[in-house]
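Descriptive structure summary
Now for the letters of each chain:
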Amino acid sequence: MESKENQWSDVLVKSKQGHLKRWLRLLLKSKTGTIGLLIVLLIIFIAIFAKLLAPHDPNQINAAMMLKPPAWVEGGDTDYILGTDNLGRDILSRIIYGSQISLVVGVASVILAGIIGIFIGLVSGFYGGFLDNILMRIVDSFLAIPTILFALVILTVFGPSALTLIVVLGVTNWVQYARLIRGEVLSLKEREFVRAARSMGVRDHKIILKHLLPNVISPFIVISTLSVATTIILEASLSFLGLGIQPPTISWGGILSDGRDYVATSWWLAAFPGLAITITVLGMIFLGDWLRDVLDPREKKV
Amino acid sequence: MGKYIMRRLLQIIPVLFIISFIVFCLVYVAGDPVALMLPEDASQEDILQLRESLGLNEPFYIQYFNYMVGLAQLDFGESFRYNTSALPIVLERLPATIELAVAAMIVAIMIAIPLGIWSATKKNSAIDVVATGGAVIWKAMPNFWLGIMLILIFSVMLGWFPVSGRGTWSHLILPAITLGTGIAAEMTRFIRSSMLEIMNQDYVRTARSKGLKEFFVIHKHAFRNALIPVVTITALQTSTVVGGTLITESVFSWPGLGQLLIQAVNTRDMAIVQASVFIIAFIVIAMNLLADILYKLLDPRITFR
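Residues numbered from 1 in each chain as written. Chains lettered and ligands numbered in written order. Predicted model: local features only at pLDDT ≥ 70, side-chain atom pairs only at ≥ 80, totals over all residues. Heavy atoms only, no water.

Here the UniProt-annotated "domain: ABC transmembrane type-1" (unreviewed entry) positions come out as residues 94-291 of chain B. Structurally, residues 94-291 of chain B comprises 85% helix and 0% strand, and the distance from its first C-alpha atom to its last is 21 Å. (UniProt positions renumbered as here; feature names shortened; annotations may be inferred. Helix = DSSP H or I, 4+ residues; strand = E, 2+ residues; numbered from the N terminus.)

Considering all chains together, one arrives at seven salt bridges over all chains under this definition. The salt bridge involving aspartate 289 of chain A is made with arginine 189 of chain B; its shortest N-O contact spans 3.9 Å. Taken together, the residues aspartate 289 of chain A in helix α11 (residues 268-295) and arginine 189 of chain B in helix α8 (residues 169-199) connect one chain to another. The exposure class of aspartate 289 of chain A is buried, given its relative accessible area of 7%. Residues aspartate 128 of chain B and arginine 192 of chain B are paired through a salt bridge, measuring 2.8 Å at the closest nitrogen-oxygen approach. On the criterion of sequence distance, the pair formed by aspartate 128 of chain B in helix α6 (residues 126-140) and arginine 192 of chain B in helix α8 is long-range, its members being 64 residues apart. Taking the relative accessible area as the measure of exposure, aspartate 128 of chain B reaches 2% and is therefore buried. (Salt bridge = Lys/Arg side-chain N within 4 Å of Asp/Glu carboxyl O. Buried < 20%, exposed > 50% of the residue type's maximum accessible area, 1.4 Å probe, protein only.)

Residues Leu212 of chain A together with Ile19 of chain B are the most contacted members of the largest nonpolar core, which totals 144 residues. Counting contributing residues, this core receives three or more from each of domain 1 (2-77) and domain 2 (88-298) of chain B. Sequence-distant contacts of leucine 212 of chain A, that is, excluding residues within four places in its chain, are made with Leu122, Phe126, Val185, Leu188, Val194 and Ile207 of chain A. (Core = buried A, V, L, I, M, F, W, Y, C linked by side-chain atoms within 4.5 Å. Domains from an automatic or database assignment. Contact = heavy atoms within 4.5 Å.)

Moving on, we come to the packing of aromatic side chains. Enumeration over the complete set of coordinates arrives at 11 aromatic pairs over all chains. A ring pair is formed by tyrosine 177 of chain A and phenylalanine 220 of chain A, whose centres lie 5.4 Å apart and whose planes are at 50°; its orientation type is tilted. With tyrosine 177 of chain A in helix α7 (residues 162-188) and phenylalanine 220 of chain A in helix α9 (residues 204-240), this pair connects stretches of sequence that are 43 residues apart. The two residues tyrosine 177 of chain A and phenylalanine 220 of chain A agree in class, both being buried. Relative to phenylalanine 144 of chain B, the ring of phenylalanine 240 of chain A lies with its centre 4.4 Å away and its plane at 20°, an arrangement referred to as stacked. One end of the pair, phenylalanine 240 of chain A, is in helix α9; the other, phenylalanine 144 of chain B, is in helix α7 (residues 143-157), on a second chain. Comparing phenylalanine 240 of chain A with phenylalanine 144 of chain B, the two get one shared label, buried. Grouping aromatic residues by their ring pairs yields a cluster made of Phe142, Phe150 and Trp174 of chain A. (Phe/Tyr/Trp six-rings, centres within 6.5 Å; stacked < 30°, edge-to-face > 60°.)

Of the residues lining the interface, 45 residues belong to chain B; the matching set on chain A comes to 41 residues. Of the roughly 3,800 Å² buried between chain B and chain A on both sides combined, carbon and sulfur atoms contribute 81%. The interface formed by chain B and chain A holds one salt bridge in total. Viewed at the interface, chain A and chain B are joined by three residue pairs in polar contact (both at pLDDT 80 or more). Broken down by secondary-structure element, the contributors of at least two residues to the side of chain B that touches chain A are α1 (2-30), α6, α7, α8, α11 (238-252), α12 (257-267) and α13 (270-298) of chain B. Broken down by element, the side of chain B that touches chain A gets its largest block of residues, nine residues, from α1 of chain B. Each residue belonging to the side of chain B that touches chain A can be placed in one class, and the counts come to 34 nonpolar, six polar and five charged. (Buried area = accessible area lost by both parts, 1.4 Å probe. Polar contact = N/O pair within 3.5 Å; in protein donor to acceptor, adjacent residues only side chain to side chain. Nonpolar A, V, L, I, M, F, W, Y, C, P; charged D, E, K, R; others polar.)

Residues and elements named next belong to chain A. Residue position: glycine 36 is located in helix α2 (residues 31-48). Taking the relative accessible area as the measure of exposure, glycine 36 reaches 0% and is therefore buried. On a C-alpha basis, the gap between glycine 36 and glycine 259 in space is 28 Å, while along the polypeptide they are 223 residues apart. Excluding its chain neighbours within four sequence positions, the residues that come into contact with glycine 36 are Gly283, Phe286 and Leu287.

Written out as structure tokens, the structure is:
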């Protein structure tokens, strides 16, 4: 008996490895997918090892080194490759540290949004009727308020902090998941395997967890990747408006906000953090597009 | 048709209800505005009196009832910063925001339609690669950063346009380009895929096989049909556009609703915040409804249910 189980787990592991290999092959076939994955891995690496990678203390104020241009511009210092800000802090080190908050807020809020959205989508789609009607009207209401506006209002009430930001972006973003998952469930519900399970008297929560949930995971992963991208932009926008991450915590939006006042004299303050955001988001979009092509063949781009 | 519009209008009512409830809860949780409304040296008695007169000592449901009665009369309360009713202040700022939004939409359409058609008809050509690649990069750029970079290049370095403010045409150009190109990125992708789908339809093949010139095939047969989803997506972009104006206004010090709102958020002027949220939500809902109706009017194949 035991050996048989072992065999089975062997087969499972093998098929998983096969999956991984197949995925990798598919990934390497797509140029943009490969670039996307590399960018995302690089950013994660930078965020984790920020302490080792940053050449300077990102909060070290240095009056002698104020507003130094990047190294390759006249008057630049090779010690400060991307220049320094109005307080003499190293821009490169600040950007390196800024990646941490962007990733944490982006990923955490998407997970939160996903949990709420999947739950509501599953329930709404599975049970239908009056409950579905109410939940979908709530979804409509959320859609009528632009995300950033909604986030602004909640931040007014609870005050800005990283945690509030995660919660705010989570509770404003669940709507798209709820819609998508509900749509998927509506069509899955009519499929044979769900009908069969129902006719055999399988309980509702078992059908939802065992038959429906696994089938909505791939579309969820696809939107999540793209959603992390938009969330990173949203977080930066809010921090830029002074309503997101507060100093001394370093965020890309915050650095940009500091840099805005010096745009006329010192362009590098605002230029580089924006570039960092663009590259990160681009990586996420590339990866997300590739995931969609692989996981969700129906939505293949024309 | 009339029946359909009627039903859609009725659907708006619960949505407005839910929005009002969410906003009320947030304001309720936000707590006491009294401390902000009185001078710092106000006596305890004054505070209590103001609380009483504002009805803040009532239980939750009575406060909610009073709030809904006020809403029904379009009364969002008084802004303590401006010392007048909030709605007129918000409405006063609306034209500036609409001006920016419309200008941005025009920029977006002028870029997205030709680029979308072009890249679809010449699929995989250099133009297509540049257009789709550009659209992705534009989508990845934070809008406020684009705005700052445009200011850097065109205002600071070249001196062509003013840095900020509103007034002449030249004030409008940079904000409209900032917001408009961002929307264009999304629209170009959409128009392209919509065109590609239609180019494979039988009637397009028929038009070609009967010897029509390519120009006519594309413009008379394909584009007109591709336009249907485009109209919808344009109207559905309202929410994005309005959200975008909030940030663009802040970058260019554009004196619109967004700037007012962000000021109100910073000073916790809840009356202004509420009124702005309502006006914006109302505009978005109205545009979404318009999108649905237009969609059905433009495409006779869709029946009204």
